[in-house]
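# Coordinate inspection notes
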Amino acid sequence: MMIEDWEIGMLYWNCLRQHGGDEQRTVIDVKKKYIDDFTNTKDIHLFLGTTLQYDRLAPNPFIIIGVFAPPISLQPELL
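Procedures and definitions
- Residues numbered from 1 in each chain as written.
- Predicted model: local features only at pLDDT ≥ 70, side-chain atom pairs only at ≥ 80, totals over all residues.
- Heavy atoms only, no water.
- Helix = DSSP H or I, 4+ residues; strand = E, 2+ residues; numbered from the N terminus.
- Rg over C-alpha atoms; globule rule 2.2 N^0.38 Å.
- Buried < 20%, exposed > 50% of the residue type's maximum accessible area, 1.4 Å probe, protein only.
- Contact = heavy atoms within 4.5 Å.
- Areas by Shrake-Rupley, 256 points an atom, 1.4 Å probe, with all protein chains shown as cover.
- Lys, Arg positive; Asp, Glu negative; His and termini not counted.
- Charge placed at Lys NZ, Arg CZ, Asp CG, Glu CD.
- Axes fitted to C-alpha atoms, helices over the stretch in contact; angles between N-to-C directions.
- Parallel < 35°, antiparallel > 145°, perpendicular 65-115°, else oblique.
- Left-handed = near helix turned anticlockwise from the far one by under 90°.
- Nonpolar A, V, L, I, M, F, W, Y, C, P; charged D, E, K, R; others polar.
- Phe/Tyr/Trp six-rings, centres within 6.5 Å; stacked < 30°, edge-to-face > 60°.

### Description of the overall build of the protein
Of the regular secondary structure elements, the protein holds two helices and three strands. For 79 residues, the compact-globule estimate of 2.2 N^0.38 gives 12 Å, and the C-alpha radius of gyration of the protein, at 16 Å, exceeds that figure by more than 25%. Across its three principal directions, the C-alpha atoms of the protein cover 50 × 35 × 20 Å. Within the protein, buried positions represent 19% of all 79 residues. Once local pairs closer than 6 in sequence are excluded, the contacts in the protein between residues at least 24 apart make up 44%. Accessible area for the protein stands at about 6500 Å²; split by element, carbon and sulfur atoms hold 59% of it. Between the mean site of the 7 positive side-chain charges and the mean site of the 11 negative ones, the protein shows a separation of 4 Å.

Spelled out as structure tokens, the structure:
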């Protein structure tokens, strides 16, 4: 799925610059940030949307347009 979110995009570009253009290491770092680092502390939600450019042309016209990552909040025990 194509990602249009600026936050993920900037993370990608910063990691790419840090790794001297090595895309494989960059992708590993971005995945690590969202899958490993946030899994235990954040409740990640991705906002999906479509664009007119891909609507009815692509098999899956949806793109990631944003990220919402509030801290994980467990329900208190019911009394």
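Back to the write-up after that little detour.
### A short note on the packing of helix H1 (residues 6-18) against helix H2 (residues 23-37)
At a minimum axis separation of 9 Å, H1 and H2 run at an interaxial angle of 135°. Classified by the angle between their axes, H1 and H2 sit oblique to one another. Seen from above, H1 lies across H2 with right-handed handedness. Listed contacts from H2 to Glu 7, Ile 8, Leu 11, Tyr 12, Cys 15 and Leu 16 of H1 are Glu 23, Thr 26, Val 27, Asp 29, Val 30, Lys 33 and Tyr 34. The residue inventory of the contact of H1 with H2, partitioned by class, reads eight nonpolar, one polar and four charged.

### A look at the packing of aromatic side chains
All chains considered together, the criterion is met by three aromatic pairs. Here Tyr 12 and Trp 13 contribute two aromatic rings whose centre-to-centre distance is 5.3 Å and whose plane-to-plane angle is 80°, an arrangement assigned as edge-to-face. Taking the relative accessible area as the measure of exposure, Tyr 12 reaches 22% and is therefore partly exposed. Between Tyr 34 and Phe 38, the aromatic rings sit 5.3 Å apart at their centres with planes inclined by 85°, giving edge-to-face as the arrangement. Side by side, Tyr 34 and Phe 38 carry an identical accessibility label, which is buried.

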